[in-house]
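# Survey of secondary and tertiary structure
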Amino acid sequence: MSLLASATEGYDLALILGNLLIIIIVARLAAELAELIKIPAVLGEIIAGIIIGPSALGLIDPIKNLDVANMVLLLGEIGVILLLFQVGLEMDLGEMAKVGKPALLVALIGVLVPFAAGFGVACAFGESGKISLFIGAALTATSVGITARVLGDLRALALRESRIVLGAAVADDVLGLIILTVVVKVVTEGSISVGVVLETIGLAVGFLVITGLLAIYVIPKTFTRIDRVAKSSTTIVAISFALMLAFSLLANQAKLAFIIGAFMAGLAVGRSQQHERIAEGLNPLGHIFIPVFFASIGINADLDAMFQPSVLALATVLTVVAIIGKLVAGFGIGRSPGDKLLIGIGMIPRGEVGLIFASIGLSKGI
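Note that residues are indexed from 1 along each chain, following the sequence as it is written. Totals for whole chains, interfaces and linings use all residues, but because this is a predicted model, local features are given only for residues with pLDDT of at least 70 and pairs of side-chain atoms are given and counted only at 80 or more. Computation of side-chain values: all heavy atoms of the structure, hydrogens and water removed.

### Focus: the overall build of the chain
Secondary structure elements are taken from DSSP: a helix is a run of H or I of four residues or more, a strand is a run of E of two residues or more, and numbering for both begins at the N terminus. The number of helices and strands found in the chain is 17 helices and zero strands. As defined in this context, the radius of gyration uses C-alpha atoms, and a globule is described by 2.2 Å times the residue total to the power 0.38. Against the compact-globule benchmark of 21 Å for 366 residues, the chain has a radius of gyration of 21 Å, which places it among compact chains. Dimensions of the chain along its principal axes, counting C-alpha atoms only, are 65 × 50 × 45 Å. For the chain, the proportion of its 366 residues judged to be buried stands at 44%. Accessibility here uses a 1.4 Å probe with only protein chains present; expressed as a share of the type maximum, an area under 20% marks a residue as buried, one over 50% as exposed, and anything in between as partly exposed.

### A few points about the packing of helix H6 (residues 100-124) against helix H7 (residues 129-138)
Their axes nearest at 7 Å, the elements H6 and H7 cross at an angle of 145 degrees. For the pair H6 and H7, the sense of crossing is right-handed. For the pair H6 and H7, the contacting residues are Pro114, Phe115, Gly118, Phe119, Ala122 and Cys123 in the first and Gly129, Ser132, Leu133, Ile135, Gly136 and Ala137 in the second. Helix axes are fitted to C-alpha atoms over the stretch in contact, other axes to C-alpha atoms as well, and angles between N-to-C directions run from 0 to 180 degrees. Left-handed describes a crossing in which the near helix is turned anticlockwise from the far one by less than a right angle; the clockwise case is right-handed. Residues count as neighbours in contact if any of their non-hydrogen atoms are within 4.5 Å of one another.

### Regarding the nonpolar core
A general trend in soluble globular proteins is that nonpolar side chains are found buried together. Among the nonpolar cores identified, the biggest contains 76 residues, and Ile23, Leu256 and Phe263 are the most heavily contacted of them. It is helix H4 (residues 66-90) that contributes the most residues to this core, 12 residues altogether. Contact partners of Ile23, with chain neighbours within four places excluded, come to Ile52, Ile60, Met71, Val72, Val292, Ala295 and Ile299. For our purposes a nonpolar core is just a set of buried Ala, Val, Leu, Ile, Met, Phe, Trp, Tyr and Cys residues, chained together by side-chain atoms within 4.5 Å. In terms of nonpolar packing, the next biggest core, distinct from the first, is built from 12 residues, Val106, Ile164, Ala329 and Ile333 among them.

### Remarks on the pattern of salt bridges
Here, a salt bridge means any side-chain nitrogen of Lys or Arg that lies within 4 Å of a carboxyl oxygen of Asp or Glu. As enumerated under the stated definition, the model contains three salt bridges in all. Arg28 is paired through a salt bridge with Glu32; the nearest N and O atoms lie 3.5 Å apart. Of this pair, Arg28 and Glu32 both sit in helix H2 (residues 13-36), four residues apart, which is roughly one turn of the helix. Note on Glu32: relative accessible area 45%, which makes it partly exposed. Ionic pairing is found between Asp227 and Arg277, a salt bridge with its closest N-O pair at 2.8 Å. One end of the pair, Asp227, is in helix H10 (residues 194-229); the other, Arg277, is in helix H13 (residues 275-299), with 50 residues separating them in the sequence. Judged by its relative accessible area of 31%, Arg277 is partly exposed.

### Section: H13
Multiplying 1.5 Å by the residue count of a helix minus one yields the expected span of that helix. The terminal C-alpha atoms of H13, which comprises 25 residues, lie 34 Å apart, in line with the 36 Å expected from a rise of 1.5 Å per residue. Across the chain, bend at a residue is computed as the angle between axes fitted to the seven residues ending at that point and the seven starting from it. Gly286 marks the point of greatest bend in H13, at about 35 degrees.

### Examining H10
The end-to-end C-alpha separation of H10 is 50 Å, in line with the 52 Å expected for 36 residues at 1.5 Å each. Of all the bends in H10, the greatest measures close to 50 degrees and is centred on Ala215. Buried within H10 we find Thr200, Ala204, Phe207, Thr211, Gly212, Ala215, Ile219, Pro220, Phe223 and Thr224.

### Notes on the packing of aromatic side chains
Whether two aromatic rings pair depends on their centres lying within 6.5 Å, for rings of Phe, Tyr and Trp, where Trp uses its six-membered ring; planes under 30 degrees apart make the pair stacked, over 60 edge-to-face, and the rest tilted. Taken as a whole and judged by the stated rule, the model has one aromatic pair. Measuring from ring centre to ring centre gives 5.0 Å for Phe293 and Phe294, while their planes differ by 70 degrees; the resulting arrangement is edge-to-face. As far as burial versus exposure is concerned, Phe293 and Phe294 are alike and both buried.

### Digging into the packing of helix H3 (residues 41-52) against H13
Contact pair H3 / H13: the axes reach a minimum separation of 6 Å and the direction vectors enclose 50 degrees. It follows that H3 is oblique to H13 by the angle criterion. Crossing angle aside, the handedness with which H3 passes H13 is right-handed. Contacts between H3 and H13 involve Val42, Glu45, Ile46, Gly49, Ile50 and Ile52 on the former and, on the latter, Pro291, Phe294, Ala295, Ile297, Gly298 and Ile299. For classification purposes, angles smaller than 35 degrees are called roughly parallel, those larger than 145 roughly antiparallel, those between 65 and 115 roughly perpendicular, and all remaining angles oblique.

### Structural notes on unusual backbone geometry
Working note: non-glycine residues mostly have negative phi, and peptide bonds are mostly trans. Positive phi, close to 65 degrees, is recorded for Lys38, a residue that is not glycine. Looking at the element boundaries, Lys38 is found in the loop between H2 and H3. Of note in the backbone geometry, Lys255 takes a positive phi value of approximately 65 degrees without being a glycine. Along the chain, Lys255 turns up in the loop between helix H11 (235-253) and helix H12 (258-270). On the basis of relative accessible area, Lys255 is assigned to the partly exposed category, the value being 40%.

### Notes on the side chain of Ser162
If you trace the backbone, Ser162 turns up in helix H9 (residues 160-189). Residues in contact with Ser162, not counting those within four places in the same chain, are Leu151, Ala156 and Leu157.

### Describing a nonpolar patch on the surface
Together, Leu104, Leu105, Leu108, Leu112, Val113, Val320, Ile324 and Val328 make up a nonpolar patch on the protein surface, roughly 630 Å² of accessible area in all. At the level of elements, H6 and helix H15 (309-329) are the ones that each hand at least two residues to the nonpolar patch. In terms of residue count, the dominant contributor to the nonpolar patch is H6 (five residues). The residue Val328 is located in helix H15 in this model. According to the relative accessible area criterion, Val328 is partly exposed, its value standing at 35%. Patch rule: a residue counts if its relative accessible area is over 30% and it has no salt bridge; like charges are joined within 9 Å, and nonpolar side chains (Val, Leu, Ile, Met, Phe, Trp, Tyr) within 5 Å. The Shrake-Rupley method, run with a 1.4 Å probe sphere, supplies the accessible areas, and residue values consider only the shown protein chains as cover.

Laid out in structure tokens, this is it:
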């Protein structure tokens, strides 16, 4: 008991639990209402976050309380990691490989066009070169989390277009984070060496290749052996959760987002014979933590800052070019089968990686 008491002296546990209670209940109610009026539940959860956050009712205020901010950040990160793990779990690695080429072309166009357009718009609004670089870079990455959640809510993950979009979104995140590393170096040091760029690309590609090989040749067989000797049926579920965390940490070491690692872990576990039991065991966790992530987007939104005339003008133009840039990406499939417009629309959402760009830019004084 003394250890527990000393561990909780540094923060207000009652406040944190109370805030978590509000987030879960309001987000769930908003999701139910959203589904009732035939819109994706994720939109209801984001709006719920805005309503209970400091921009509206102020029931949850991470600005005034660091403990609340840390709680929302932590549980939100666990939520989005679980989401990408679940998405990977539902994907067929063989089917993903079939759409690899069109997905990569969609990703390349979906990075280059928004980056150039965002940089040009920022320059036209009189922003400095450093700020323009960050704004252009922030428009590159499609949100895997939001896209996956919406496609999942629509029960459309099995569509060829969905596989292309998710493959391209993952590639977008990888490319976007490589661009982020380069841009940060250029902004802080004034230049960047070819060696740093090659190292960054090598780490990213190396991570994807190694985890991909593990997903195909090692993990499914290992899970079968573990399941044979395990006394409890829940052991394999716990091992899967541990693998998700391990891959997420490896992705971070490779200078990628945690969610890329979680997605690769999901692909690996999805090839095992135990994947249905694992999904059944981990899905309840997702039902709790995933809505916290989307609600946290709304909670952290500062509507007062957003509605300043200068911000609105720049944001409006950036929104237009951001949408057009991703719609154009749909043509990257060329003559491959698939609806170009549907793929372009699927590439539009921005989220967690864009927020990473923004927070790093803010921390660098940009």
